Amino acid sequence: MTTTMVGLKDLANAIRALSMDAVEAAQSGHPGMPMGMADAATVLFGEFLTFDPDAPDWPDRDRFVLSAGHGSMLLYSILHLTGYPEMTLEQLKNFRQLGSITAGHPEYGHAPGIETTTGPLGQGLANAVGMAIAERKLAARFGGDLVDHRTYVVAGDGCLMEGVSQEAIALAGHLRLNKLIVLWDDNGISIDGPVSLSDSTDQRARFEASGWATFAADGHDAASVRAALKKAQASDKPVMIAVKSTIGYGAPTKAGTAGAHGAPLGGGEIAEARKALDWPHPPFEIPDDVRGAWREFGRRGRGVRAAWEQRLAASAHKDAFAQAHVAAPSAALRQALADVAAAAAADKPALATRAASGKVLDAVAPVAPELLGGSADLTGSNNTQAKSTEVITADDFSGGYLHYGVREHGMASAMNGMALHGGIIPFGGTFLVFSDYSRPAIRLAALMGIRVVHVMTHDSIGLGEDGPTHQPVEHLASLRAIPNLTVFRPADMVETAESWALALARTDGPSVIALSRQKTPPLRGDAKQNLSAGGAYELLAAEGGDAQVTLIGTGTELALAVEARATLKDHGVRARVVSAPCLDLFLARPQAEQDAVLGAAPRVVVEAAVAQGWHGVLRPGDAFIGMTGFGASAPAADLYPHFGITAAQVAEQARALVGET
C-alpha cells in the first residue's frame, strides 16, 4: 500500500485508537497527549525522521526523544505500526502490566526505538541536547559522510516548566546545535487544569532569547507541520516548533480539558470518539491498508542506511569509528591507566586526589579520543581538563572539553544523552555537595544502565573555609543509596587511577569518583593488581599476631587509620587497616569474601561523612568516627579535630573496643 491510498488523518487516527484502547485496557495512563500529537507525529515519522526498524541501533539514524514520557503510547503505537518486531500488538494490549516492554513511561533497554528513559519531565529534552552534542562531536571527528543526523524531541508544557529545561536550552543555543529540533506540544493543559493556572511564559520568546529559532504550526494541519519542519531543517540554530494541539483530540467531551490528560477516557467517551474520528474498527484492530502505509514509512530509511553502510566500509575512519562504538575501553586506554597507576606506586606523590585525577586524565586523554569531559564552571577546581584537550566551541567541535557553565543538572542530563547516543564516554565535574543538583539525572543513568562518570571533588569538611553550604556530609550516603550507581572514594593516586579504570570499564551503569581538595599521603606502593576492584582490601596487616581490631577508612581518612595503627602498636594493640574505596563493589561480593576482608575482630570505620550506608560493615558494638551533623567554616586543619575525626580518636575508640585503656 502507498500513503496516497490512505489519508494522513487515518494514519494519525491509528495512533489515537491504539492509545485510547491501551490506556483503557490498563485502566491507567495518559491518552490525551498521544491523541493531540498524533497528526504531527505522523508527518514527522512519515516524511522527515530517518530510521530503520530492521536496524534500530544504526549509528547515523535520527534520534527521536519523547520528553513528555507520560504520552508513551504515542511512541509505542508508532514503533508497532512502523514494524519494530518487538513491539507487538500483544505488548500494546499489556500496556503498563508487569513484564511487558510497554512501561508507563518509556524505558531505555525495554525495546528498540526507545532512545532514552523519560517521564521525569524535562529530562528527555536535556538528554536530546547531549545527543545533539555527540552528533556534532562525532561529525567533527569522522566527517559528515559518517555522521549526519538530527535529534527530534516532543516536549510538553511540563518539560518546559522544569528548571532543567532552561539549563538545556541555554546550552544548546550557546553551542548552536542546529540539528536539534523540538516540537513543543502546545496544548495549554496540565494535570491541574489550564496551564494558565501556573504559567504565563512566552515560550517562543524564551527560546529565542536563548539562541534558538522558533516557528509555529497547527498541530492538526499536516501542511502546517510539514512547512515548519522544512524550515527547521534549514536553520543554523536549534529550533523549537510551537505545535498548537488539542489534548485528547477527537474525544467529544474531554478534548481540550484536563480530563483527557492523566486517566482513561472511559468506554462511552471512546465509543463517541471513534464516531467523531470516523474510526469504526474494534479495539486494537488496524485495517490492512493503514498498517501497510505505516510499514511503508518504516521501510523508508532502508536505502539511506544501506548507503551509509557502504560509505563506512570504504572509509579510512572505519576502524576508529567501530572502536568508538565498542563498549569496552580500548587496549590503549587500558594500558595508559595501568601505566599511570604503576608510576604512582613507584613515585609515591602526595597529592589531593582531585589533582591525582587530573594527572590520570593527562595520561589517558591522548589515547582516548572518545572521552568528552567538562565541568559546571569549576574546571580549575575539578581538574577535569587534560593538558592535551582543547575546548569545544560553537564553531569548532574538534576539542574534547565542554564548559557547561553553572548547570549541574543540565550537564548530568546532557551526559546521559551522549552516553545513549554512543561513540562518546562522557565525564563531568562539580563539587560533591552539588550532586544534589545532578541527582535526578544520575538516578536515571543508573536506571538505564549507561556509562557516565561524575567527577565530584571537595568531598568532605576537608574543603575548609567555604563552610557547611559546600561541605558534603550526607552526600556519599545518598549516592550510595541509588541502585546501580558505583561510588568511589580513593585515598591516594594509585586508588584514583584504579577508580578511573573501573569507572571507564563499567558499561552497565554510572559512577561517581569523590575526590579531595586537601593533600593525602601515598599509601599504596604496589599497583600490579587493581585492588580497588574488590571494593575493599587489606592495606596493612596486623603485626605480631592476629588482629585485635580492624581499622577501615576511605579517601583522606584512610591515612588517619594508618596513623592510628602505628599509635596502637605503641600501646601493644595489634591493628590491621582495610581500605574501602568503593563500598558498593564491596557489599556486592559474597558474604564469605566480605568476611575474609573484614575479619572477625572489632571494627572501627573512619569517614568524614554520616554513618548511613555502613550498616553492611558495622556490627553491634563496632565504632564509626565521622559526622553527625553539618560542618563549619574554618580551615580543614581545625575542622577535623573540632569534629573528632583524628588518628588519636580512631586509636582511642579501637582501644576501648579491645578493652585497653
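A few points on the structure. Just so you know, the residues in each chain are numbered from 1, in the order the chain's sequence is written. With pLDDT at 70 or above as the cut-off, local features in this predicted model cover only qualifying residues; side-chain atom pairs require 80 or more to be listed or tallied, and sums for whole chains, interfaces and linings still use all residues. Processing note: side-chain calculations cover all non-hydrogen atoms of the structure and skip hydrogens and water entirely.

1. Comments concerning the overall build of the protein
Numbered from the N terminus, helices here are DSSP runs of H or I no shorter than four residues, and strands are runs of E no shorter than two. Looking only at helices and strands, one finds 25 helices and 20 strands in the protein. In this treatment the radius of gyration is a C-alpha quantity, and the globule benchmark scales as 2.2 Å times the residue count to the 0.38 power. Relative to the 2.2 N^0.38 estimate, which gives 26 Å for 661 residues, the radius of gyration of the protein is 28 Å and therefore close to what a compact globule would have. Projected onto its principal axes, the C-alpha coordinates of the protein cover approximately 90 × 55 × 45 Å. Burial statistics for the protein: of 661 residues in total, 58% are counted as buried. Should any heavy atoms of two residues lie within 4.5 Å, those residues are considered in contact. Taking all contacts inside the protein whose residues are at least 6 apart in sequence as the whole, residues at least 24 apart take part in 78%. Only the protein chains shown count as cover for residues, with accessible areas throughout obtained via the Shrake-Rupley method and a probe of 1.4 Å. Summed over all atoms, the accessible surface of the protein reaches about 23,500 Å², with 52% contributed by carbon and sulfur. His is not counted, nor are the chain ends; Lys and Arg add positive charge and Asp and Glu add negative charge. For the purpose of locating charges, the reference atoms are NZ of Lys, CZ of Arg, CG of Asp and CD of Glu. Averaging the coordinates of the 54 positive side-chain charges in the protein and doing the same for the 71 negative ones gives two points 3 Å apart. Exposure categories follow from relative accessible area, calculated using a 1.4 Å probe and restricted to protein chains: below 20% of the type maximum is buried, above 50% is exposed, and the middle band is partly exposed.

2. Some words on the pairing of strand β7 (residues 239-244)
Of all six residues that make up β7, five are buried, and the element is covered over most of its length. For strand β3 (residues 180-186) and β7, the ladder comprises six bridges, and the chain directions are parallel. Each bridged residue has a counterpart across the sheet, and for Trp 184 the counterpart in β7 is Ala 242. In this description, strands pair whenever DSSP reports at least two bridges between them. Relative to β7, strand β6 (residues 213-218) is paired through six bridges, and the arrangement is parallel. Bridging across to β7, Thr 214 finds its partner in Met 240. Regarding topology, helix α9 (residues 222-233) serves as the crossover connection from β6 to the parallel β7, and that connection is right-handed. Viewed with both strands pointing away, a crossover whose connecting path from the first strand over the helix to the second turns clockwise is right-handed.

3. Considerations on the sheet that holds β6
Strand order in the open sheet formed by five strands is β1-β2-β3-β7-β6, and the pairing between neighbours is parallel. This sheet does not close on itself; its edge strands, each paired only once, are β1 (63-66) and β6. With strand direction ignored, the average angle separating the axes of adjacent strands in the sheet is 20°. By the bridge criterion, four bridges tie β1 to strand β2 (residues 151-155) in an arrangement that is parallel. Within β2, the position partnered with Phe 64 by the bridge is Tyr 152. For helices, the axis comes from a line fit to the C-alpha atoms of the stretch in contact; other axes are also lines fit to C-alpha atoms, and the angle between any two N-to-C directions lies between 0 and 180 degrees.

4. Remarks on the packing of aromatic side chains
In this analysis, rings of Phe, Tyr and Trp, with Trp reduced to its six-membered ring, are considered paired at centre separations within 6.5 Å, and the interplanar angle assigns stacked below 30 degrees, edge-to-face beyond 60, and tilted for intermediate values. Under the counting rule described, the total for this entry stands at 12 aromatic pairs. Look at Tyr 76 and Phe 95: their rings are 6.2 Å apart centre to centre, the planes differ by 70°, and that puts the pair in the edge-to-face class. Here Phe 95 lies in the loop between α4 (89-93) and α5 (123-142) and Tyr 76 lies in helix α3 (residues 72-82), a separation of 19 residues in the sequence. Owing to a relative accessible area of 0%, Tyr 76 belongs among the buried residues under this scheme. Here Phe 427 and Trp 500 contribute two aromatic rings whose centre-to-centre distance is 5.5 Å and whose plane-to-plane angle is 85°, an arrangement assigned as edge-to-face. Of this pair, Phe 427 sits in strand β11 (residues 425-431) while Trp 500 is found in helix α20 (residues 493-505), placing the two residues 73 residues apart along the sequence. Among the aromatic residues, those joined into a ring-pair cluster are Phe 45, Phe 51, Phe 64 and Tyr 84.

5. Brief notes about the packing of helix α1 (residues 8-26) against helix α2 (residues 32-48)
With their axes 8 Å apart at the nearest point, α1 and α2 run at an angle of 130° to one another. By the angle between their axes, α1 is oblique relative to α2. In terms of crossing hand, the pair formed by α1 and α2 is right-handed. Across the interface between the two elements, Leu 8, Lys 9, Leu 11, Ala 12, Ile 15, Arg 16, Ser 19 and Met 20 of α1 pack against Pro 34, Met 35, Ala 38, Asp 39, Thr 42, Val 43 and Glu 47 of α2. Here the angle decides the label: under 35 degrees means roughly parallel, over 145 means roughly antiparallel, 65 to 115 means roughly perpendicular, and every other value means oblique. In this scheme the handedness of a crossing depends on how the near helix is turned from the far one: anticlockwise by less than a right angle means left-handed, clockwise means right-handed.

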